[in-house]
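The primary structure of each chain is shown beneath.
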Amino acid sequence: MAESNSTNLQELRAAIPGGRVLEITTTTGCVVGCSYCPQEKFANRQRAVSRVKHLCLDDFKRCLARVPTAVDVSFAGYSEPWLNPDCTEMVEHAHMSGHGIRIFTTLVGMNRRDLGRLQALRFRVFVVHVFDDGAYMNSRLVRGKYLDLIRELVDSDIPSIRFLVLGEVHPDIAGIVPAGALVRTRPLSSRGGSVDSRIVETRPRVVGALTCAEERQYRNVLLPNGDVALCCMDFERRHVLGNLLRDEYQELFEGPVFREIADRMNGKDGFLLCRVCEFAEAKK
Ligand code: SF4
Ligand code: SF4
């Protein structure tokens, strides 16, 4: 990766605010199928515990009612958010409820009407993950309507919008997104060892006490059945903190699962996803 690109990525990371976040996985399974994403592992694990494919709007509202408004809501999670047809309504509901809103989307499943509704809102983060040249993503999804939507987004007045590509940008998109607005990087995270090691090698284990560089133990992931997984690395549901259809938000951090994670981060024996995660840092 060229130096300017890594600077670019650092700028993007710096522009993403800290604080508590609830990421929303609106559906189980993702047709986009990026080869650096272990979402199939997620889908298999999730289907083994729940038949709920889409997070339904009522359940989303019930879960969100338990979450303090100081917690940002991020439409990202373990699948493309707009593969759920209610996604725009969920965004509007979370916005109206007073939460800061973050969007990470490939636009797959989004249409012009959705975009028109989104343009009426304010976002803390809006990142569009655009298609690459076919090295990691399926180029057959790059068609007329998708390209039209990118054109509209580029012309939209969404102030925080940024475009991100992992690898080389698809040639049909290169002419639409201004080079200065495009952040280029490469697949960097093994998602706690869940990604094919030929694409991203799993890092050496961190031994002893550790911390999460971005405190992502407080950026948790809501799943379609209300379960809440530890963080954006936990595609295989290794640490499920509770269920927001049943538990209050604060209870997620007071229950035995989170307490055990905290103890293991402080050096206690037992499985801890963080040990092979790129965000983990050994405690000095
Ligand atoms: S990276 Fe995102 S869009 Fe790609 S397969 Fe994974 S969840 Fe889907
Ligand atoms: S170190 Fe990695 S696995 Fe642990 S909380 Fe942070 S992001 Fe998640």
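Reference entry: report on the structure contained in this document. (Residues numbered from 1 in each chain as written. Chains lettered and ligands numbered in written order. Predicted model: local features only at pLDDT ≥ 70, side-chain atom pairs only at ≥ 80, totals over all residues. Heavy atoms only, no water.)

## A few points about the site of ligand 1
Neighbouring ligand 1 are the residues C30, V32, G33, C34, C37, Q39, Y78, S79, E80 and T106. Cavity membership is defined here by more than half of the atoms lying within 2 Å of grid points; on that basis ligand 1 lies in the largest pocket. Classifying every residue of the shell around ligand 1 gives five nonpolar, four polar and one charged. (Near = heavy atom within 4 Å. 1 Å grid on protein atoms, 1.4 Å probe; cavity = no way out; pocket = protein on both sides within 12 Å on 5 of 7 lines; lining within 4 Å. Sits in = over half its atoms within 2 Å of the grid points. Nonpolar A, V, L, I, M, F, W, Y, C, P; charged D, E, K, R; others polar.)

## Things to note about the side chain of R219
Mapped onto the elements of the fold, R219 is located in strand β8 (residues 219-222). Given a relative accessible area of 11%, R219 falls into the buried group. Discounting chain neighbours no more than four positions away, the residues touching R219 are P17, G18, G19, V21, E214, L230, C231 and C232. (Helix = DSSP H or I, 4+ residues; strand = E, 2+ residues; numbered from the N terminus. Buried < 20%, exposed > 50% of the residue type's maximum accessible area, 1.4 Å probe, protein only. Contact = heavy atoms within 4.5 Å.)

## Points about the sheet that holds strand β3 (residues 101-105)
Strand order in the open sheet formed by nine strands is β6-β5-β4-β3-β2-β1-β8-β9-β10, with mixed pairing between adjacent strands. At either margin of the open sheet sits one strand with a lone partner, and together these are β6 (182-185) and β10 (240-243). The sheet shows a mean angle of 25° between the axes of neighbouring strands, taken without regard to direction. Here four bridges tie strand β1 (residues 21-24) to β8, and the two strands are oriented parallel to one another. Across the sheet, V21 pairs through a bridge with R219, a residue of β8. Contacting β4 (125-129) and β5 (161-166), helix α6 (residues 144-155) crosses the sheet at an angle of about 135° to β5. (Pairing = 2+ DSSP bridges. Axes fitted to C-alpha atoms, helices over the stretch in contact; angles between N-to-C directions.)

## Focus on the site of ligand 2
Every residue close to ligand 2 is listed here: C212, R216, Q217, C231, M233, C274, C277, F279 and A280. The cavity that encloses ligand 2 is the largest cavity. In terms of residue class, the shell around ligand 2 is built from seven nonpolar, one polar and one charged.

## Topic: the pairing of β1
Neither face of β1 is open: one carries V21 and E23, the other L22 and I24, and all of them are buried. The sheet contact formed by β1 and strand β2 (residues 72-75) spans four bridges and is parallel. By the bridge assignment, E23 is partnered in β2 with S74.

## A few points about the layout of surface pockets
Taking a probe equal in size to a water molecule and rolling it over the atoms shows the remaining empty space. Approximately 1200 Å³ is the volume found for the largest pocket. Around the largest pocket, the lining is made up of 45 residues, and of these F104, H129, L164, L166 and R191 lie nearest the centre. The set of elements that each furnish at least two residues to the lining of the largest pocket consists of α1 (3-15), β1, β3, β4 and β5. Residues of the lining of the largest pocket, tallied by class, amount to 25 nonpolar, 10 polar and 10 charged. Surrounding the second largest pocket, L107, V108, G109, M110, N111, R112, L141, R143, K145, Y146, D148 and L149 form its lining. Looking at the lining of the second largest pocket element by element, the count peaks at four residues for α6. Along the lines of polarity and charge, the residues of the lining of the second largest pocket split into six nonpolar, two polar and four charged. (Points joined across faces, edges and corners; volume = space filled by probe spheres on them.)

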